[in-house]
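Geometric and topological summary
What follows is the residue order along each chain.
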Amino acid sequence: MNYYAKRIAQTMFTIWAVLTITFVLIRFMPGGPLDYLRAQVIAGNVGQGTGQFQGGSGRLASFNRLAELYINIDPSQPIYIQYWQYVSQLAHGDLGMSIYYTAPVEQILLPAIPWTVFLGGIAVFISFVSRVVVGAALAYKEGSRFDVGGTTALIWGHSLPFYIIGILLLYVLGYQWGWFPTSGRYNADAVAGLNWPFISGILSHAALPVIALAWASFGSGAIAMRANAIQVLGEDYVRTARLRGIKSKRITILYVARNAVLPMYTGMLIQIGFIFAGSIILERIFVYRGVGWYMFRAIQADDYPLMMGAFILIIVTVSIAMLVADLTYGLVDPRVTRGESDESF
């Protein structure tokens, strides 16, 4: 098996393992989705008015039908058939039915994905560029007051959680100064389309969440870039380039920056995968209806199908992002070899 096939197989195995774990949690976890759904059926809170709920001896049949509808599991079947039903439905994109919204989970999450990707994509780009620039600047001034003060500030800043930054930005720039909207994804009175009022509304609503999300990895990333740049500055080929009289600007771009940024590439792609996880609290703070906002609502409402659907989406996204990072790192850095001793991280 070649390198690419091996990595793809490992990713597929990881996704399969995650789906299996979610099935075990749904089926056997005390107080889990099945127990919750059974309690709702007994209380008469689910299925009324739909022809699916029956009282007395019909409650078990009602529970089985609703379990199959909401979480793709028929408890009356043997366990291996339940597992096959669950996995096969997920393979066809059926994530079950939301209890709170009474709508298919995929119909709720799929329209929200572009908004979360939009937030995260801009945040990752801003974070990557800023930490490369700041980290490189600190490395060139190694040992100076600028380096010591900047590194200390980055360490202190990184210790402040991004959601605290989000709350501060919302309070000061949103409520106190009124520079940015405090909730929503776009201007409600703007006509959707390629027009400036609608686009400017999208950008203004996304500004504060993007800044807060970019903050999450800025401090540690800038410190890592500083360490990488210092290591590259001490390499023999950099000294040789200086002795040959190559211009400082050319050395900075072609030698130092290019080689120092390479280790940051994998981290950037992995960070993209964790966008969904980091957006859960942030989208709730800014009432930004993305995947994270719906997952938070699912947790509040004990909507297990929607919660599990968002969880599966996050894990699959992280796995694919890590696969892309692993497969493309060799293209970015030709020094990485293929073989049994491969190192991509």
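Residues numbered from 1 in each chain as written. Predicted model: local features only at pLDDT ≥ 70, side-chain atom pairs only at ≥ 80, totals over all residues. Heavy atoms only, no water.

The next thing to look at is the overall build of the protein. Looking only at helices and strands, the protein features 14 helices and zero strands. Looking at the protein as a whole, 45% of its 345 residues qualify as buried. Looking at the protein alone, contacts between residues at least 24 apart form 66% of all its contacts between residues at least 6 apart. Taken as a whole, the protein presents about 18300 Å² of accessible surface, with 66% of it coming from carbon and sulfur. (Helix = DSSP H or I, 4+ residues; strand = E, 2+ residues; numbered from the N terminus. Buried < 20%, exposed > 50% of the residue type's maximum accessible area, 1.4 Å probe, protein only. Contact = heavy atoms within 4.5 Å. Areas by Shrake-Rupley, 256 points an atom, 1.4 Å probe, with all protein chains shown as cover.)

A word on a nonpolar patch on the surface. A cluster of nonpolar side chains, namely Leu160, Tyr163, Ile164, Ile167, Leu168 and Ile281, defines an oily patch on the protein surface of about 470 Å² accessible area. Here the nonpolar patch gets four residues from one element, more than from any other, and that element is helix 8 (residues 162-176). Relative to the helices and strands, Ile167 resides in helix 8. Residue classification places Ile167 among the partly exposed residues on the basis of a relative accessible area of 43%. (Patch = residues over 30% accessible without salt bridge, like charges linked within 9 Å, V, L, I, M, F, W, Y side chains within 5 Å. Salt bridge = Lys/Arg side-chain N within 4 Å of Asp/Glu carboxyl O.)

In the contact formed by helix 7 (residues 145-158) and helix 9 (residues 196-233), the axes pass within 8 Å of each other and the chain directions differ by 145 degrees. For helix 7 against helix 9, the interelement crossing comes out left-handed. On the side of helix 7, the interface is formed by Asp147, Thr151, Leu154, Ile155, Gly157 and His158, while helix 9 contributes Trp215, Ala216, Phe218, Gly219, Ser220, Ala222, Ile223 and Arg226. Residues belonging to the contact of helix 7 with helix 9 are distributed by class as follows: seven nonpolar, five polar and two charged. (Axes fitted to C-alpha atoms, helices over the stretch in contact; angles between N-to-C directions. Left-handed = near helix turned anticlockwise from the far one by under 90°. Nonpolar A, V, L, I, M, F, W, Y, C, P; charged D, E, K, R; others polar.)

What follows concerns helix 9. Compared with an ideal rise of 1.5 Å per residue, which puts 38 residues at 56 Å, helix 9 spans 46 Å between its outermost C-alpha atoms and falls more than 12% short. Largest kink in helix 9: about 40 degrees, centred on Ala207, with the proline Pro209 one to four residues after it. Its side-chain oxygen placed 3.0 Å from the backbone nitrogen of Phe198, Asn195 serves as the N-cap of helix 9. (Expected span 1.5 Å × (residues − 1). Bend = angle between axes of the 7 residues up to and from the residue. Polar contact = N/O pair within 3.5 Å; in protein donor to acceptor, adjacent residues only side chain to side chain.)

With that settled, consider the side chain of Ser88. In this fold, Ser88 is placed in helix 4 (residues 79-91). At a separation of 2.7 Å, a polar atom in the side chain of Ser88 contacts the main-chain carbonyl oxygen of Trp84.

Further remarks concern the pattern of salt bridges. Two side chains carrying opposite charge are able to pair once their charged atoms lie near each other. If you walk through the whole model with that rule in mind, you get one salt bridge. Salt-bridge contacts for Asp147 lead to Arg226; the nearest nitrogen and oxygen are separated by 2.7 Å. Of this pair, Asp147 sits in helix 7 while Arg226 sits in helix 9, placing them 79 residues apart in sequence. Here Asp147 and Arg226 have matching classes, each one buried.

Turning next to the packing of helix 1 (residues 3-28) against helix 4. The geometry of helix 1 relative to helix 4 is characterised by a closest axis approach of 11 Å and an angle of 125 degrees between their N-to-C directions. What the angle tells us is that helix 1 and helix 4 run oblique. For helix 1 against helix 4, the interelement crossing comes out right-handed. Between helix 1 and helix 4, the residues in contact are Trp16, Leu19, Thr20, Thr22, Phe23, Ile26, Arg27 and Phe28 and Ile79, Gln82, Tyr83, Tyr86 and Leu90, respectively. Tallied by class, the residues present in the contact of helix 1 with helix 4 amount to nine nonpolar, three polar and one charged. (Parallel < 35°, antiparallel > 145°, perpendicular 65-115°, else oblique.)

As a further point, take the side chain of Arg226. Judged by its relative accessible area of 19%, Arg226 falls in the buried class. Apart from the residues lying within four places of it in its own chain, the contact partners of Arg226 are Gly135, Leu138, Ala139, Glu142, Asp147 and Thr151.

Tallied over the entire structure, the rule returns twelve aromatic pairs. Consider the rings of Tyr101 and Tyr294, whose centres lie 5.8 Å apart with planes at 70 degrees: the pair is edge-to-face. Linking Tyr101 in the loop between helix 4 and helix 5 (105-109) with Tyr294 in helix 13 (residues 291-301), this pair joins segments that are 193 residues apart in sequence. Ring centres 4.8 Å apart and planes at 50 degrees place the aromatic pair Trp177 and Trp179 in the tilted group. The two residues Trp177 and Trp179 agree in class, both being exposed. Taken together, the ring pairs in this structure connect Tyr100, Tyr101, Trp293 and Tyr294 into an aromatic cluster. (Phe/Tyr/Trp six-rings, centres within 6.5 Å; stacked < 30°, edge-to-face > 60°.)

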